[in-house]
Amino acid sequence: MSREFNDATKQELERICSRYPKREAALLPALRLLEREFGCVDEEGMVHVARLLGVSPAKVFGVFTFYTHYKRPEDRKYVIEHCSTVPCALRGSEAVHDHLKKTIQPDDPITLKKVECLASCDTAPCLQVNGDFVDYVTPEMGDRMVASMRAGTWKAPTPIYKLPATKYPPVLLKHVLEPGSETLEHYQRRGGYETWLKVYDGKRNPDEIIEEVFKSGLRGRGGAGFPTGQKWKFLAKNDKPRYLVINADESEPGTFKDKMLIDKDPHALIEGILISGYAIKAKCSYIYIRGEFVTGAQILQKAVDEAEAAGLLKGFPITVHRGAGAYICGEETGLLSSLEGNRGYPKIKPPFPAVEGLFRSPTIVNNVETIMSVVHILKNGVEWFRKMGTEKSPGMKIFSVCGHVERPGNYEIPLSVPLKEVIYDLAGGIRGGKNLKAVIPGGLSAPILTAAEVLADPPLRMDFDALAAAKTMLGSGGIIVIDDETCIVDTLWNTLRFYHHESCGQCTPCREGTGWIEKMAAKMEQGRGRDDEIMKIDEVAWSMVGRTICVLADAAALPARSMVTKFKAEFEAHCAAGKCPYKHGSVDLTPAKVLIHG
Ligand SMILES: Cc1cc2nc3c(=O)[nH]c(=O)nc-3n(C[C@H](O)[C@H](O)[C@H](O)COP(=O)(O)O)c2cc1C
Ligand code: SF4
Ligand code: FES
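As the structure is a prediction and not an experimental result, all values here were calculated from the model. (Residues numbered from 1 in each chain as written. Chains lettered and ligands numbered in written order. Predicted model: local features only at pLDDT ≥ 70, side-chain atom pairs only at ≥ 80, totals over all residues.)

### A short note on the overall build of the protein chain
Link 1 in the chain: Within the protein chain, the regular secondary structure consists of 25 helices and 13 strands.
Link 2 in the chain: Relative to the 2.2 N^0.38 estimate, which gives 25 Å for 598 residues, the radius of gyration of the protein chain is 23 Å and therefore close to what a compact globule would have.
Link 3 in the chain: Across its three principal axes, the protein chain shows a C-alpha extent of roughly 70 × 65 × 45 Å.
Link 4 in the chain: Within the protein chain, the proportion of its 598 residues that are buried is 52%.
Link 5 in the chain: Sequence separation of at least 24 residues holds for 74% of the intrachain contacts in the protein chain that already meet a minimum separation of 6. (Helix = DSSP H or I, 4+ residues; strand = E, 2+ residues; numbered from the N terminus. Rg over C-alpha atoms; globule rule 2.2 N^0.38 Å. Buried ≥ 20, exposed ≤ 12 C-beta atoms within 10 Å, placed from the backbone. Contact = placed C-beta atoms within 7 Å.)

Here it is in structure tokens:
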């Protein structure tokens, strides 16, 4: 079949190209057009796109092969992407996957793929079918799903959004369960865009807004916790255009807060973008949203269109740009490479994006939650914000809690609430009356904590400094809770498999180190490990730290070091017994109990 876009699609591509200063930045969206028009991305289609964008076919092919999320020619009608990362594994994803593998027959119209965290860890085990989420999957559901696909009657279930109740009144999550919360009408009914219009109509001084955000002490909610106002002040002062880029990649395993904010309150994000873009004098904004958030991207686009039609953007262009399945595109320089139409390769810093970022211009990259917090700081004032949390970690923060708790979900609470309160009071404690073994407190990249560290007195508090003092990190706020029937060797294997898969491969310590540790952990878990290899894991991990272009290597190495040193006895037991002493495959698959927020 000829892979030539029709005129309407060519015009659509031209409209997309006009959103970027360079045509090739439209490469990822152009591949999506191929997918939509021809059902997949194939060689002939890539040659066509190369010609339309004025780049070489080799360039298109090189970029395409970096990303996992495009539909390939060999993919069948239904592509099941089944999450296998730690939070889903803790909830039995392996057993579901094995069941699906046995059930699906060679002539079924189904392709089954194992993928990494889909940012829906509260509904684990979960999967996607052609981009639609399917939550709390059990083997029986798998049977029904396969049968309906065979009959050609498969329909994606309607997504259910739940929010566990807490004693802390939410701010960003306040309206997410109200029907129609994603519409402009609903947003404006609750005072939405008033703060932006006050800023714009009142011709507020942009530097004053930056100063206000600086004084609030707001720290980035995407992972590094860098002070937002400080970052904005770092913007290079030159004659190049400035860009505001929103990091909606949400790829850190254990984190699923931005998904809820985007799906249920997109206008609040747009208002944050308008105010922040005004403050930093940006030319325009790009929202880089992970490819798997198919519905999220549609919701955002609809909200942007609604706001534009209502004259609320005031001429400030906002472009929704979908990624295509690569964890490293959450790292800000990897994200910018991807947004420019390249492989998502991180770049050496300095220069930092605020000096030289997107298209070599001064660029601010901020997380969704960070930008949404800006609206409330301007609306309610610096003092209001600083009343919550601590001096150095002020404000509210959304913690995504998953794994072996009774009530997984998003919890928006003041920073510095004790971790044990989050686990035992808010999230209902350890599921099935079991005991706590460990907690990964800030997304999978955070070093693990033992139960003793979590339950200690004085309690370990969830703020940036307290967690750094405990030699771990608050990161993205993804709290992964692990019970005492879980094997840490297996958890290490899964963790390093993730990082090995997601390493972009530019740096030898990262590319080789992640694979090496993955292999050593696998060997131990399978009962083939030797005592002398236990500390080898620590040695290899140590040799990866601080020696690479970006910190993905550290994000893999530091959790590995913490697991192998804090749980050394478990590694020794595997070597001594020549097998894993834990009972695998016996996980409870009943859906998590979640209370609806009143
Ligand atoms: C490997 C890696 C993955 C990351 N993934 C994300 C992500 O999915 N979302 C995000 O907001 N930040 C992510 N970050 C952090 C970003 O690099 C960057 O610090 C952040 O977007 C800045 O926004 P903030 O200051 O508002 O937090 C990641 C960092 C690394 C090293
Ligand atoms: S540390 Fe790993 S992910 Fe980061 S640039 Fe190097 S190889 Fe790529
Ligand atoms: S959605 Fe499966 S681990 Fe996050």
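### Description of the sheet that holds strand E10 (residues 409–414)
Link 1 in the chain: The sheet built from 5 strands is open, its strands ordered E10-E9-E13-E11-E12 with mixed pairing. Where the open sheet ends on each side, the last strands, each with one partner, are E10 and strand E12 (449–450). (Pairing = 2+ DSSP bridges.)

### Looking at the packing of helix H13 (residues 266–279) against helix H14 (residues 294–309)
Link 1 in the chain: At a minimum axis distance of 9 Å, the contact between H13 and H14 shows a crossing angle of 60°. Between H13 and H14, the interaxial angle falls into the category oblique. As H13 packs across H14, the resulting crossing turns out to be right-handed. Contacts between H13 and H14 involve Pro-266, His-267 and Ile-270 from the former and Ile-299, Leu-300, Ala-303, Val-304 and Ala-307 from the latter.
Link 2 in the chain: Grouping the amino acids of the contact of H13 with H14 by side-chain chemistry returns 7 nonpolar, 1 polar and no charged. (Axes fitted to C-alpha atoms, helices over the stretch in contact; angles between N-to-C directions. Parallel < 35°, antiparallel > 145°, perpendicular 65-115°, else oblique. Left-handed = near helix turned anticlockwise from the far one by under 90°. Nonpolar A, V, L, I, M, F, W, Y, C, P; charged D, E, K, R; others polar.)

### Regarding the site of ligand 1
Link 1 in the chain: Around ligand 1 lies a shell of 24 residues, among which Gly-220, Gly-222, Gly-330, Asn-367 and Thr-370 are the nearest.
Link 2 in the chain: Broken down by secondary-structure element, the contributors of at least two residues to the shell around ligand 1 are strand E8 (363–367) and helix H24 (552–566).
Link 3 in the chain: For the shell around ligand 1, the element with the highest residue contribution is E8, accounting for 3 residues.
Link 4 in the chain: Considered class by class, the residues forming the shell around ligand 1 number 8 nonpolar, 10 polar and 6 charged. (Near = placed C-beta within 6 Å.)

### Examining the domain arrangement of the protein chain
Link 1 in the chain: Domain boundaries in the protein chain define domain 1 (7–64), domain 2 (78–150), domain 3 (184–386), domain 4 (396–483) and domain 5 (488–577).
Link 2 in the chain: Computed over C-alpha atoms only, the centres of domain 1 and domain 4 are separated by 43 Å. (Domains from an automatic or database assignment.)

### Some points on the pairing of E10
Link 1 in the chain: E10 sits mainly inside the fold: 5 of its 6 residues count as buried.
Link 2 in the chain: Sheet topology note: the strand E9 (residues 396–403)/E10 ladder contains 6 bridges and is antiparallel. Along E10, the bridge assignment pairs Met-396 with Pro-414.
Link 3 in the chain: Counted between consecutive antiparallel strands, the loop separating E9 from E10 contains 5 residues.

### Observations concerning the sheet that holds E8
Link 1 in the chain: Spatially, the 4 strands line up as an open sheet ordered E7-E6-E5-E8, and their pairing is parallel. Where the open sheet ends on each side, the last strands, each with one partner, are strand E7 (318–322) and E8. Here the average twist between neighbouring strands, direction ignored, is 20°.
Link 2 in the chain: Direction of pairing for strand E5 (residues 243–248) relative to strand E6 (residues 284–289): parallel, over a ladder of 6 bridges.

### Details of the site of ligand 2
Link 1 in the chain: Around ligand 2 sit 14 residues in total, of which Cys-504, Cys-507, Cys-510, Thr-548 and Cys-550 are the nearest.
Link 2 in the chain: Broken down by secondary-structure element, the contributors of at least two residues to the shell around ligand 2 are helix H22 (508–525) and H24.
Link 3 in the chain: Here the residues of the shell around ligand 2 are counted per class, giving 9 nonpolar, 4 polar and 1 charged.

### What to know about the pairing of E5
Link 1 in the chain: Taken across its 6 residues, E5 has 6 buried, putting it largely inside the fold.
Link 2 in the chain: With burial as the criterion, each face of E5 is covered, one bearing Tyr-243, Val-245 and Asn-247 and the other bearing Leu-244, Ile-246 and Ala-248.
Link 3 in the chain: Here 5 bridges tie E5 to E8, and the two strands are oriented parallel to one another. Bridge pairing links Tyr-243 to Thr-363 in E8.

### A closer look at helix H25 (residues 568–577)
Link 1 in the chain: Taken together, the buried positions of H25 are occupied by Glu-570, Phe-571 and His-574. Projected onto a plane normal to the axis of H25, the buried residues spread over an arc of 100° and lie on a single side. Of the exposed residues in H25, the ones pointing more than 90 degrees away from its buried face are Ala-569 and Ala-576.
Link 2 in the chain: Here the buried face of H25 lies against helix H21 (488–502), H22, helix H23 (531–544) and H24.
Link 3 in the chain: Note on H25: the residue one or two positions beyond its end, Gly-578, has a positive phi of about 70°. (Arc of directions from axis to C-beta.)

### Some thoughts on the nonpolar core
Link 1 in the chain: One finds Val-245, Val-422, Val-439 and Ala-560 to be the most contacted residues of the largest nonpolar core, which totals 175 residues.
Link 2 in the chain: Counting residues per element, this core draws most heavily on H24, which supplies 9 residues.
Link 3 in the chain: Once residues within four sequence positions are removed from consideration, Ala-560 is found in contact with Leu-492, Leu-496, Ile-517, Ile-537 and Ala-541. (Core = buried A, V, L, I, M, F, W, Y, C linked by C-beta atoms within 7 Å.)

### Some details on helix H4 (residues 57–64)
Link 1 in the chain: For H4, the complete set of buried residues consists of Val-60, Val-63 and Phe-64. Across the axial projection of H4, the buried residues extend over an arc of 100°, all falling on one side. Along H4, the residues that are exposed and aim more than 90 degrees away from the buried face are Ala-58 and Gly-62.
Link 2 in the chain: Structurally, H4 contributes buried residues whose contacts are with helix H2 (27–38) and helix H3 (43–53).

### Topic: the environment of Asp-463
Link 1 in the chain: In this fold, Asp-463 is placed in the loop between helix H19 (451–455) and helix H20 (464–469).
Link 2 in the chain: Setting aside residues no more than four positions away along its own chain, Asp-463 makes contact with Gly-389, Thr-390, Ser-393, Leu-415, Ser-416 and Leu-474.

### Looking at the environment of Cys-121
Link 1 in the chain: Of note, Cys-121 is situated in the loop between strand E2 (110–115) and strand E3 (127–129).
Link 2 in the chain: For Cys-121 and Gly-254, which are 133 residues apart along the polypeptide, the C-alpha to C-alpha distance reads 5.9 Å.
Link 3 in the chain: Leaving out residues up to four positions away in the same chain, Cys-121 has contacts with Pro-87, Cys-88, Pro-253, Gly-254, Phe-256, Ser-400 and Cys-402.

### Considering the environment of Lys-257
Link 1 in the chain: Note on placement: Lys-257 falls in helix H12 (residues 257–264).
Link 2 in the chain: Note: C-alpha distance between Lys-257 and Gly-477 (220 residues apart in sequence) is 8.9 Å.

### Focus on the confidence of the model for the protein chain
Link 1 in the chain: Summing up the model confidence of the protein chain, the mean pLDDT is 96 and the portion of residues at 70 or higher is 97%.
Link 2 in the chain: The low-confidence segment residues 585–598 (pLDDT under 50) makes 25 contacts with residues lying over four places distant or belonging to another chain. (pLDDT = per-residue confidence, 0-100.)

### Focus on unusual backbone geometry
Link 1 in the chain: Note the cis peptide between Ala-124 and Pro-125, where omega equals -5°.
Link 2 in the chain: Among the secondary structure elements, Pro-125 is positioned in the loop between E2 and E3.
Link 3 in the chain: The amide bond that connects Lys-349 to the next residue, Pro-350, takes the cis arrangement and shows omega of -5°.

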